[in-house]
Amino acid sequence: MLPAVKPMNEITKVTDVAPNASPVKAAPKLPDTQTVTAVKHWTDKLFSFRMTRPATMRFRSGEFVMIGLMGDVNPKTGKPKPLLRAYSIASPSWDEELEFYSIKVQDGPLTSRLQHIQVGDEIILRPKPVGTLVHDALIPGKRIWFFATGTGFAPFASLLRDPQTFEDYDEIIITHTCRTAGELTYGAELIENLKQDEMMIELLGEENLNKIRYYPTTTREESPKMGRITDLMRSGEAFTDLGVDPINPDSDRAMVCGNLAFNLEIKDLLEGYGLEEGANSKPAQYVVEKAFLD
Ligand code: A2P
């Protein structure tokens with residue numbers, strides 16, 4: 001039985017000291033609503049938030065749910081219609097709260113409003129988690145690759161805090177390609193905190209945390225590693241940098257979450273290495289999911 005604990009991370013800390021935070025409301029007024037408990041803005045285009053979790057809601061780390069806000073009144077019914085989008089759950093399945101990582105699109109129907117949420121606000125959550133980025137969709141292997149671009153890091157924020165990831169694999173390589181260095185911060189801090197947080201060390205094990213290899217790259221701003229991960233794999237540079245053999249179907253498994261073009265390119269690469277796509281109903285060697293975009 002895992003402890004019901006709330007990890008101390010940057011988001012929690014920021015909220016704890018927020019001077020004008022409104023008190024968390026105990027009983028949501030609308031059906032299927034949860035209460036925001038923390039918000040952190042990472043860049044002008046990215047933010048993350050935490051909210052209460054329904055006591056009965058179960059999910060597998062890596063899955064997504066529909067969340068959103070009340071939208072405009074439907075002219076046919078005269079009632080407001082919920083405006084919902086698919087969001088990967090960024091928190092692990094043992095966490096007592098739910099965490100999400102989101103883009104802000106200034107004219108996006110949902111995120112133009114969602115980016116202004118504050119502690120105490122209500123968010124609609126349809127508690128029916130689904131998705132393919134789950135351990136059940138992969139057959140056993142030695143090394144797992146998590147490939148992300150942009151907010152596609154979210155499901156891996158969940159899986160990197162799940163003890164099963166460390167039980168199932170000897171090595172965990174997380175690659176994250178973003179346009180700018182600032183866009184890497186959410187993931188970089190999360191991994192850094194994982195390795196330093198006493199509760200996470202106790203839960204996951206220090207040796208297990210040493211299995212994580214983090215490979216961040218940027219494409220439009222100077223950083224220690226420049227370039228798209230796809231190009232770095234094709235040239236072999238990524239494997240040389242990491243000191244590992246190229247991907248092979250006997251030992252390597254992969255989960256992919258990013259923009260559509262990226263997903264298609266990685267799929268091609270992985271199939272080229274001989275990996276087969278898996279699903280919940282038919283586990284295999286890699287799985288793909290599209291990152292949420294408004
Ligand atoms: P690039 O700047 O070269 O387009 P976005 O913000 O558009 O979702 O992109 C997130 C990151 O994913 C960017 O660094 C972008 O690189 C990269 N990217 C976009 N398309 C691909 C692709 N087909 N293969 C690899 N990386 C990609």
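The present account deals with the structure reproduced in this document. (Residues numbered from 1 in each chain as written. Predicted model: local features only at pLDDT ≥ 70, side-chain atom pairs only at ≥ 80, totals over all residues. Heavy atoms only, no water.)

As a further point, take the site of the ligand. Contacts to the ligand come from Thr 149, Thr 177, Cys 178, Arg 179, Thr 219, Arg 220, Arg 228, Thr 230, Asn 259, Ala 261, Phe 262 and Glu 265. In this structure, Arg 228 approaches the ligand through a side-chain N or O atom, which is 2.9 Å from an oxygen atom. A distance of 3.4 Å separates a nitrogen atom of the ligand from a polar atom in the backbone of Ala 261. Expressed as a share of its isolated accessible area of 560 Å², the protein-covered part of the ligand is 83%. Mapping the ligand onto the cavity grids shows that it belongs to the largest pocket. Within the residue set of the shell around the ligand, elements represented by two or more residues are β8 (171-178) and α10 (260-272). (Near = heavy atom within 4 Å. Polar contact = N/O pair within 3.5 Å; in protein donor to acceptor, adjacent residues only side chain to side chain. Areas by Shrake-Rupley, 256 points an atom, 1.4 Å probe, with all protein chains shown as cover. 1 Å grid on protein atoms, 1.4 Å probe; cavity = no way out; pocket = protein on both sides within 12 Å on 5 of 7 lines; lining within 4 Å. Sits in = over half its atoms within 2 Å of the grid points. Helix = DSSP H or I, 4+ residues; strand = E, 2+ residues; numbered from the N terminus.)

On to the sheet that holds strand β6 (residues 122-130), then. Across the sheet, 6 strands lie side by side as β4-β3-β6-β1-β2-β5; this open sheet has antiparallel pairing. The open sheet has two edge strands, β4 (80-88) and β5 (97-103), and neither has a second partner. Across the sheet, the mean angle separating the axes of adjacent strands is 40° when strand polarity is ignored. Across 3 bridges, strand β1 (residues 33-43) lies against β6 in antiparallel orientation. Along β6, the bridge assignment pairs Thr 35 with Glu 122. Sheet strands in contact with helix α5 (residues 185-196) are β1, β2 (46-52) and β5, and its direction is about 105° off that of β1. (Pairing = 2+ DSSP bridges. Axes fitted to C-alpha atoms, helices over the stretch in contact; angles between N-to-C directions. Contact = heavy atoms within 4.5 Å.)

The 5 strands are arranged β9-β8-β7-β10-β11 in an open sheet whose pairing can be described as parallel. Each having just a single partner strand, β9 (212-218) and β11 (286-290) make up the two edges of the open sheet. Neighbouring strand axes in the sheet, compared pairwise and without regard to direction, differ in orientation by 10° on average. Pairing geometry for β8 and β9, over 7 bridges, is parallel. Looking across to β9, one finds that Ile 173 is bridged to Arg 213.

A few words on the packing of aromatic side chains. Within the structure shown, the criterion is met by 10 aromatic pairs. When the ring of Phe 47 is compared with that of Phe 49, the centres are 5.5 Å apart and the planes differ by 25°; the resulting orientation is stacked. On the basis of relative accessible area, Phe 47 is assigned to the buried category, the value being 0%. An angle of 85° between the planes, with centres 6.1 Å apart, marks the rings of Phe 153 and Tyr 186 as edge-to-face. Highlighted residues: Phe 153 in the loop between β7 (143-149) and α3 (154-159) and Tyr 186 in helix α5, separated in sequence by 33 residues. According to the relative accessible area criterion, Tyr 186 is buried, its value standing at 2%. Ring-pair connections join several aromatic residues into one group, and the members of that group are Trp 42, Tyr 101, Phe 153 and Tyr 186. Above the ring of Trp 42, the side-chain terminus of Lys 40 is found at 4.4 Å from the ring centroid. (Phe/Tyr/Trp six-rings, centres within 6.5 Å; stacked < 30°, edge-to-face > 60°. Buried < 20%, exposed > 50% of the residue type's maximum accessible area, 1.4 Å probe, protein only. Lys NZ or Arg CZ within 6 Å of the ring centre and 35° of its normal.)

A separate point is the nonpolar core. Residues Phe 146, Phe 153, Phe 156, Leu 160 and Met 255 are the most contacted members of the largest nonpolar core, which totals 35 residues. Contributing elements (two or more residues each) for this core: β7, α3, β8, α5, α6 (198-204) and β10 (252-258). If we skip the residues at most four places from it in the chain, Phe 156 touches Leu 133, Phe 146, Phe 147, Ala 148, Ile 174, Met 255, Val 256 and Cys 257. If you look at the next biggest cluster of nonpolar residues, it comprises 21 residues, including Tyr 215, Val 256, Phe 262 and Tyr 286. (Core = buried A, V, L, I, M, F, W, Y, C linked by side-chain atoms within 4.5 Å.)

Next up on the list: the pattern of salt bridges. The final tally for this structure, using the stated rule, is 16 salt bridges. As a salt-bridge pair, Arg 50 and Asp 95 come within 3.0 Å of each other at their nearest N and O atoms. Here Arg 50 is found in strand β2, whereas its partner Asp 95 is found in the loop between β4 and β5, with 45 residues between them in sequence. A relative accessible area of 1% places Asp 95 in the buried class. Lys 225 is paired through a salt bridge with Asp 241; the nearest N and O atoms lie 2.8 Å apart. With Lys 225 in the loop between β9 and α8 (229-234) and Asp 241 in helix α9 (residues 237-242), this pair connects stretches of sequence that are 16 residues apart. Residue classification places Lys 225 among the buried positions, given a relative accessible area of 19%. One continuous salt-bridge network, built from bridges that share partners, spans Arg 50, Asp 95, Glu 97, Glu 99 and Arg 161. (Salt bridge = Lys/Arg side-chain N within 4 Å of Asp/Glu carboxyl O.)

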